[in-house]
Structure formats: C-alpha cells, structure tokens
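Here is what each chain is made of, one letter per residue.
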Amino acid sequence: MNHRQTLIPEEPLLQQVSKSKLMEYTETISKEVRMSGSEEELRAFHYVKQTLEEMGVETELLLHKAYISLPVKSLVTVGEHPIHSITHSMGQSVNHLQAELVYAATGTAQDYQDLQVVGKIVLLDGLATPIAVKIAEEQGAIGAVFINATHTHEMIVSTVWGTPTLENKGLLPSIPVVSVTIETGEVIKTYLEDGQNLCSISTEVETGIRTIPTLIAEIKGQVEPDKFVLFSGHIDSWHYGAMDNGTANAVMLEVARILTQQRTHLKRSLRLAFWSGHSHGRYAGSAWYCDTNWEDLRENCLLHLNVDSVGAKDSTVLTEANTMKETRRLANDVISQVIDQEFTGSRFGRSGDQSFWGTGTPSLFMGLSEQEPSQDPAAKAFSQLFGSGKSGGFGWWWHTTEDTIDKIDPELLVRDCKIYLSIVLRSLTSPIYPIDQLEAILDIEQSVLHWREKAGNRFDLSSTLERIEKVKTSLVYLQDVMGNVTEDAKLAFLNRCLLELSRYLVPLNYVKGSNFEHDLALRQPAVPKFSDIDLLMKTTPEQQEYYFLLTSLQRKRNEVNYALKQADRLVQETLRLLTP
C-alpha cells in the first residue's frame, strides 16, 4: 500500500462540498463588522459555535484577555487643506501634532540617506507596514503618512507578536500613523512642491487590554485521538470582511460538516480553532492559545493548516501560497489534481497566525488562492507582503470597506474548500504522517550553505554542515524503508519519529529566539539563529562588537548543532526499530 494512501475514498467526499452552504455561512458571518472583542464579533462566534454543535461537533468557547488596538478616527491637514485619511491599529493617539512633512519615497533605510527627518512627519509610498513604521521611528520621525492605492487599506503597524511582555512592550509604535489614497497622495505631493509642508495630525486609537473569544472544536479520531491537525482561521475582520475572513470560516464549517459523517474512519483528530485578535492584536488569539497549550501542541500537533481570504473572484493563482518545504508535497499532490500546474509555494513570512513554530509544528498555507500579477499598487504590495512576488495578492478590496459578498465567486470557493478538505482528510487518515522531513533538512542545508558563503573565513559553519549531512543520510535511508512499513507497531514508531523530527527542524528553520516566545512580525531569513552573520560582516576585528557577535554566534551554533545531533539520534533509533 502506498504510504500516503488514505483509507476513505476521497472523491465522493469532495462532491459533498455544498456551494449553497458555503455561501450561507459566509453571508451570515459577514453581515456585521467584527472588531476584536466587540459584541458583533461575539455574535459571529456564537453562530459558528451553534452551527458546529448542530453538526454534532464538541465545542468550547474561551474568553481571555489580550492587548487589542482599535483605530477610531484621524484628522489630517497639509498647509491649510483638510486631507481624508484613516489611522491604524497600534499607532499612537495624538492631538494636533504639527511638524514639517517630508517625502521619503518607500521608506527604506536607503531612502532616508539624504534626508533629515528628525522631529518631522514623513510621507511614504505603500502600505502602512510595521517595518516601514519601525524605520521611520529609528530615523527620528514623529509621525507617518502612507500613500496606499485607490482605497486606503487597514493595517496593524506593530512588530510585537500578540500581547506584549515587559521585555518587548518598548517595541510598540510610538508615533501616529495614517494612510491616504494614491489620488490624495498625489495632491499632497503638489502641496509640498508649492512649499505647503506644514502637516497637522490628530488620531484616536483605542488600545488596551480587552476580553476576546477563542472557539475550539474537535472531531476525535479513532486510532490516535491525542494526535491532531490544527485547522485555524480568524473571525475578526476589517469592515464586513466577506473574503477576509468570512469565506475561510465557511470553509472550516463545511470541512467539519463533511468529516463529522466520517468520524469513525478518522485515525487522528481534527481540531478547529477560530481566532479573535488577528487583525487588531497582531495574532493575539493564536499566540495566547499557543502559550496556554504549548505542551499539548508540542507533543501532539502534527500539522497547522491555516485558512484566510479564499474563494475570491478572479483568484486563479493556486501555486504561490505559503508552505514549508516539508508540507509542500502534500499541497502539490492535492492542488495538481485541481489545476494543471505544479504548486511551488513560497516561504512563510512572519504573518498570518503562524504562532506555533516554537512548538515545532509544521505549517501549511495562510491564504491559498490569489489574483493574477498586475501593476496595480495594491496588488504589488500584497504580493510582496505575503508571497513570492509572483501573484497579485488577495484583491484590491483586501482590508478595505469594499470587502463585501460581491467579491466572492461561489465556484472558486467550492474549489478552495475541496483543496482544504482533501488536505485535512489525507492528514487524518494516511497511515504515515504526510510530512517530508528530507525536504526539511535539504531546505536547512541550503540556508546554512548561504550563511557559510556570507561568513567566509570569519565564522566556521563546517561542523553544522557535517551534522546536516548525517541527518540527511539517515533520512534518505529512512525514506527507502518507509515504503515497506505496514505493521501497526512499526507505523507508530515511524510516525513518532516524523513528529519529533519536526520539533527539531521547524524551530531551526524558522525561530530566531526562544521556542517559548514569539519572534517579531518582521521578515527574517531562513535558519535565523545565524542572522548575526549579517552584522558580523559589517564589523572588523578591530571593533569590540566583532567579538561580541562571534560569541553570540558560537552559542547559536551550539544550539543548532545539538538539535541536529538529537535529530540524527532519533532517526537512527527509529531505523533500528524498523529494520531489525
């Protein structure tokens, strides 16, 4: 038997996906604006809870505290001209902040090289991203005005993941942030050319501790009920959020409806998690859930499958969604049956409720279907935010007042639901966990080779590459053996090995700091524990900092090497059990 074969015929289940139910769920959830911690959001949670319980699914609605930021209003003038704008979650509230307005292009560090912006407000092209706000603060700006696209796009501008700690609360934004449309931005630029550069900003942002809901539902497996796939999506929204995230919630409900009828055939459990605090708390809900259930996730979660912004009209690109290398084959096997294209996928960034890397949980998807590439400013910005730059993102209406039910294509929503259903089904019923650990170690190897090339003779990574080679050799042998494993006891040994390997390899590839903390919501390289090599190359042996960085890197190398050693021991032990 093929080790990826399921025990349930798949096609009849896929045919059960109901267009009318998907649209009914979406329309009901997206009939109100769902700000985190609001009564409207809670009503949506209760609707989802009731719907699941009517299907016979066990649910638990959890109420907990989180740091939430709700933008209320902004008033901006340039010269004597009032400017229509919006403010942003986690930005500062101010009253008539006045300063010179300076145009700083896209707000990269290079854009600021020939500018003096200390004590001034900066005008920037693009979305109000955390990194652009962070750089503006570092340059000494006291406010930021972003020029979006045809519409203004709601954003959260903090880099702090989830509710802050005493250690990182100082990283919260300290300046007011607003956005205007591209048409308004061009008008502002003409004012600046005419010497009208005095800008006044007033903003109101309600930020603080609020009670938010998290809804957990579980369909128990019959063979390994403690082992589960975490299938998650957020309910909170910007405006009506039909696409973001009503359709995703609908997909979760429809997958649950179909699989409840197959629960006696499921080996493992499906745990559905509906988050709040995604849009207004920098993933506060999923971060809280991870912090509260860290050991359970560490010991039992074999895959985190996230769903966001699916089923949109014209969303024909299905090849660029976020994936880890070890989960790419699972996605490709399913998607290649839907469209005649190979799913290449793009590496995860720090976004989209990916709160579980410290637990060593493999991840697949945030969004799935995207727009075709275009020159629209919004499309280019979204593509760079979430993917590889080869798609047009989720649509021009993303995070705007225009995210309404007319942006949904029911046929494409059915298509996307079938993909998620198939992935969940295979993950819950395949004899062997569908996690390709050889691809994971190859990905890590490529990244360490990249770091070695950067470091040159300043920092030695040969011991790390030797450890990687050992793990790789062991995994090649394990893959050869896997196809012949059919006994239940040996399958259990093999699956335990695959699960535990993720606990070493996922953090190596994706976590910079502690596995018990959450890295900032900023882009970071693969194998980020070696990222200080970039700083090392900017110093010289004549500087003390050079040796401080060497000391840090040596400790990080110890951490990486020991994790690789443990991974190889695990594979070797499993091989002994499988090949007496």
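Scroll up a little and you will see the structure.
Predicted, not measured: the structure shown is a model, and the values here were computed from it.

What follows deals with the overall build of the protein chain. Of regular secondary structure, the protein chain possesses 16 helices and 12 strands. Relative to its full complement of 580 residues, the protein chain shows a buried share of 60%. Sequence-distant contacts in the protein chain: of pairs separated by 6 or more residues, those separated by 24 or more amount to 80%. Approximately 22900 Å² of the protein chain is accessible, and the part contributed by carbon and sulfur atoms is 49%. The centroid of the 54 positive side-chain charges in the protein chain is displaced by 6 Å from the centroid of its 75 negative side-chain charges.

Pairs can form between side chains of opposite charge whenever their charged atoms are close. The tally for this structure, following the rule as stated, stands at 24 salt bridges. Two residues, Lys-134 and Glu-138, come together in a salt bridge whose shortest N-O distance is 2.6 Å. Here the residue Lys-134 and the residue Glu-138 both occupy positions in helix α4 (residues 130–138), the gap between them amounting to 4 residues, near one helical turn. One continuous salt-bridge network, built from bridges that share partners, spans Glu-218, Lys-220, Arg-271 and Asp-296.

For the rest of this paragraph, the subject is unusual backbone geometry. A cis geometry characterises the amide bond from Asp-244 onward to Asn-245, with omega recorded as 25°. Assignment of secondary structure puts Asn-245 in helix α6 (residues 242–260). With a phi angle near 65°, Asp-314 is a residue other than glycine that sits in the positive phi range.

What follows covers the side chain of Ser-158. Topologically, Ser-158 is positioned in the loop between β6 (143–147) and β7 (177–180). Judged by its relative accessible area of 1%, Ser-158 is buried. A polar atom in the side chain of Ser-158 sits 3.0 Å from the backbone nitrogen of Val-160.

If you check which residues of helix α7 (residues 284–292) are buried, you get Ala-284, Gly-285, Ser-286, Ala-287, Tyr-289 and Cys-290. Those residues of α7 that are buried lie in contact with β1 (58–78), β8 (198–219), β10 (268–275) and α8 (294–300).

With that settled, consider the environment of Lys-472. Within the secondary structure, Lys-472 is located in helix α13 (residues 462–482). C-alpha separation for the pair Lys-472 and Ala-440, spaced 32 residues apart in sequence, amounts to 9.5 Å. Contact partners of Lys-472, with chain neighbours within four places excluded, come to Leu-438, Ile-441, Leu-442 and Glu-445. A distance of 3.2 Å separates polar atoms of two side chains, one belonging to Lys-472 and the other to Glu-469.

Viewed as axis vectors pointing N to C, helix α12 (residues 437–455) and helix α14 (residues 488–510) meet at an angle of 20°, and their least axial separation amounts to 10 Å. Compared by their axis directions, α12 and α14 come out roughly parallel. Crossing handedness for the pair α12 and α14: left-handed. Residues Gln-437, Ala-440, Ile-441, Asp-443, Ile-444 and Ser-447 of α12 form the contact with α14, whose own contacting residues are Leu-498, Leu-501, Ser-502, Leu-505, Leu-508 and Asn-509. Residues that form the contact of α12 with α14 fall into these classes: 7 nonpolar, 4 polar and 1 charged.

As for its position among the elements, Ser-74 is in strand β1. Side-chain polar atoms of Ser-74 contact the side chain of Ser-85, separated by 2.6 Å. With residues near it in sequence (within four places) discarded, Ser-74 still touches Ser-85, Ile-86, Thr-87, Val-178, Ser-202 and Thr-203.

About the criteria used
Residues numbered from 1 in each chain as written. Predicted model: local features only at pLDDT ≥ 70, side-chain atom pairs only at ≥ 80, totals over all residues. Heavy atoms only, no water. Helix = DSSP H or I, 4+ residues; strand = E, 2+ residues; numbered from the N terminus. Buried < 20%, exposed > 50% of the residue type's maximum accessible area, 1.4 Å probe, protein only. Contact = heavy atoms within 4.5 Å. Areas by Shrake-Rupley, 256 points an atom, 1.4 Å probe, with all protein chains shown as cover. Lys, Arg positive; Asp, Glu negative; His and termini not counted. Charge placed at Lys NZ, Arg CZ, Asp CG, Glu CD. Salt bridge = Lys/Arg side-chain N within 4 Å of Asp/Glu carboxyl O. Polar contact = N/O pair within 3.5 Å; in protein donor to acceptor, adjacent residues only side chain to side chain. Axes fitted to C-alpha atoms, helices over the stretch in contact; angles between N-to-C directions. Parallel < 35°, antiparallel > 145°, perpendicular 65-115°, else oblique. Left-handed = near helix turned anticlockwise from the far one by under 90°. Nonpolar A, V, L, I, M, F, W, Y, C, P; charged D, E, K, R; others polar.

Any functional reading would require information beyond the geometric quantities listed.
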